[in-house]
Amino acid sequence: MKTIAIAGTFDSKGKEFLYVKSVIEGLGLKAYTIHCGVFAPLFTPDVSNRDVAAAAGMNIDEIAGKKDRSIGTEALAKGMEQLIPKLYAEGKFDGILSFGGTGGTSIATAGMRALPIGVPKLMVSTVASGNTAPYVGTSDIMMFPSIVDVAGLNSFSTKIFTNAVHAIAGMVQFESAPPQDKKPLIAATMFGVTTPCVDYAREYLEEQGYEVLVFHATGTGGQTMESLIEGGFIDGVLDLTTTEWCDELVGGVLAAGPHRLEAAGRCKVPQVVSTGALDMVNFGPYDTVPEQFKGRNLYKHNPSVTLMRTTVEENRQLGEIIADKLNMSEGPTALMIPLKGVSMLDAEGGPFSGAAEDEMLFNMLRQHIDRSKVEFIELDANINDQVFAVAAAKKLVELMDQGS
């Protein structure tokens, strides 16, 4: 019998969670209840809030005595982060479900994020239609809008609760079969303006017997790739699209944080890196571009995305940043430079074609890359030329062979 964990604040929303429990059991599944509220629950759970707090080295009585919502939320979130993966490893449940507002969502998703990718995790939340990045992070949590607040049982809430139970019931009961022949995993980064490059490289690598996971370099994509590298899932990295550093540096909307480009080098995973889409910073619709950038070279990629050409000075800084990151590498690393442009838009005659900008970027990399740690390769091609893409793929295979 499959088991679904129900995590929630059984003190303030006990009636609602009892209803959810009854729906799960009505489907012939087992419910495993985890109380992560501050005060006494409406019903006796399988895992108490005392257990959750203890996992964070805290005492629930002391937490309750402070009567401070923020302290309680933070403590119980830390406890869930520690306890939930342990319970899953012990075989206590097959998937996890929760319901809540901002507080309950913060607590429950802290535990969900700590679970392996692929474990069914569903959060029914009042914030599901807003910015969910703080709750989802780089995990595969499914956010399900609650429509109405998780407060009482009515014709709307019971329908939403039932749909959510049916959704996770399907996930736990209909699992994908593991592959018969596990292939080495390669992570690759792609953007719309570097798609031909990554497609050529992916096709070559798949012909050689590798499985390629492509990550869209949209901030979350880069962060997710880095977390999977850290988790030991990835055997090789084809990081051809490093554009997220433009947004991190200049203030665009698709930044991946200051630790982008570190995981592969730190974990000694073979990597081939390039300068894909370092010609652009990303913003939303044209009217949302910050006023100080309105005089810059802007390109309407589509109604929702406006691109801005990076300047010579920005490329100087980007070259230094990327060199610093790659010089930290402890494993096989190669940097490949496409001398005829770093994206579709940077090709000859394109709207972002910029010899001065590209030359500054390339010169900074030439000057600052530590050749004792990083193999430096220049090709007289645009990044999207097949010759460049296949050369990058072949180099990665070579580095992986050296490390095996």
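Residues numbered from 1 in each chain as written. Predicted model: local features only at pLDDT ≥ 70, side-chain atom pairs only at ≥ 80, totals over all residues. Heavy atoms only, no water.

## Considerations on the overall build of the protein chain
Counting its regular elements, the protein chain contains 14 helices and 14 strands. In terms of its C-alpha atoms, the protein chain occupies a principal-axis envelope of roughly 70 × 50 × 40 Å. Across the 404 residues in the protein chain, those meeting the buried criterion constitute 53%. Restricting to contacts in the protein chain with at least 6 residues of sequence separation, those with at least 24 account for 71%. Taken as a whole, the protein chain presents about 17,500 Å² of accessible surface, with 51% of it coming from carbon and sulfur. For the protein chain, the separation between the mean place of its 33 positive charges and that of its 49 negative charges on side chains is 6 Å. (Helix = DSSP H or I, 4+ residues; strand = E, 2+ residues; numbered from the N terminus. Buried < 20%, exposed > 50% of the residue type's maximum accessible area, 1.4 Å probe, protein only. Contact = heavy atoms within 4.5 Å. Areas by Shrake-Rupley, 256 points an atom, 1.4 Å probe, with all protein chains shown as cover. Lys, Arg positive; Asp, Glu negative; His and termini not counted. Charge placed at Lys NZ, Arg CZ, Asp CG, Glu CD.)

## A look at the packing of aromatic side chains
Summed over all chains, the structure comprises eight aromatic pairs. Pairing tyrosine 299 with phenylalanine 352 gives two aromatic rings, centres 6.2 Å apart and planes at 65°, and the pair type is edge-to-face. Placement of tyrosine 299 in strand β11 (residues 298-302) and of phenylalanine 352 in the loop between β13 (333-338) and α13 (355-368) is noted, with a sequence separation of 53 residues between them. Assessed through its relative accessible area of 0%, phenylalanine 352 is described here as buried. In this structure, lysine 300 is placed above the aromatic ring of tyrosine 286, and the distance from its NZ or CZ to the ring centre is 4.7 Å. The ring of phenylalanine 376 has arginine 371 sitting right over it, with the charged end atom 4.4 Å from the ring centre. (Phe/Tyr/Trp six-rings, centres within 6.5 Å; stacked < 30°, edge-to-face > 60°. Lys NZ or Arg CZ within 6 Å of the ring centre and 35° of its normal.)

## With respect to the sheet that holds strand β14 (residues 375-379)
Strand pairing in a sheet is mediated by backbone hydrogen bonds. Such pairs are either parallel or antiparallel. The strand order across the open sheet built from six strands is β7-β6-β8-β9-β13-β14, with neighbouring strands paired in parallel fashion. Of all the strands in the sheet, the pair left with one neighbour each is β7 (211-216) and β14. Adjacent strand axes in the sheet meet at a mean angle of 20° when their direction is disregarded. Across four bridges, strand β9 (residues 271-274) lies against β13 in parallel orientation. Within the sheet, the bridge partner assigned to valine 272 lies in β13 and is alanine 334. Set on the sheet, helix α9 (residues 220-230) makes contact with β6 (185-190), β7 and β8 (236-239); between it and β7 the angle comes to about 140°. (Pairing = 2+ DSSP bridges. Axes fitted to C-alpha atoms, helices over the stretch in contact; angles between N-to-C directions.)

## Details of the pairing of strand β12 (residues 305-309)
β12 sits mainly inside the fold: four of its five residues count as buried. Where strand β10 (residues 280-283) meets β12, four bridges bridge the pair, whose relative direction is antiparallel. The residue bridging phenylalanine 283 from the neighbouring strand is threonine 306, located in β12. Bridge count for β11 against β12 is four bridges, and the pairing is antiparallel. When the sheet's bridge partners are listed, asparagine 302 is paired in β12 with valine 305.

## Re the layout of surface pockets
In this structure, the second largest pocket occupies an estimated 370 Å³ of space. Around the second largest pocket sit 22 residues that line it, and Thr9, Ser12, Val38, Arg69 and Thr73 are the ones nearest its centre. Elements with a minimum of two residues in the lining of the second largest pocket: α3 (60-66), α4 (69-89) and α5 (102-113). Here the residues of the lining of the second largest pocket sort into seven nonpolar, nine polar and six charged. (1 Å grid on protein atoms, 1.4 Å probe; cavity = no way out; pocket = protein on both sides within 12 Å on 5 of 7 lines; lining within 4 Å. Points joined across faces, edges and corners; volume = space filled by probe spheres on them. Nonpolar A, V, L, I, M, F, W, Y, C, P; charged D, E, K, R; others polar.)

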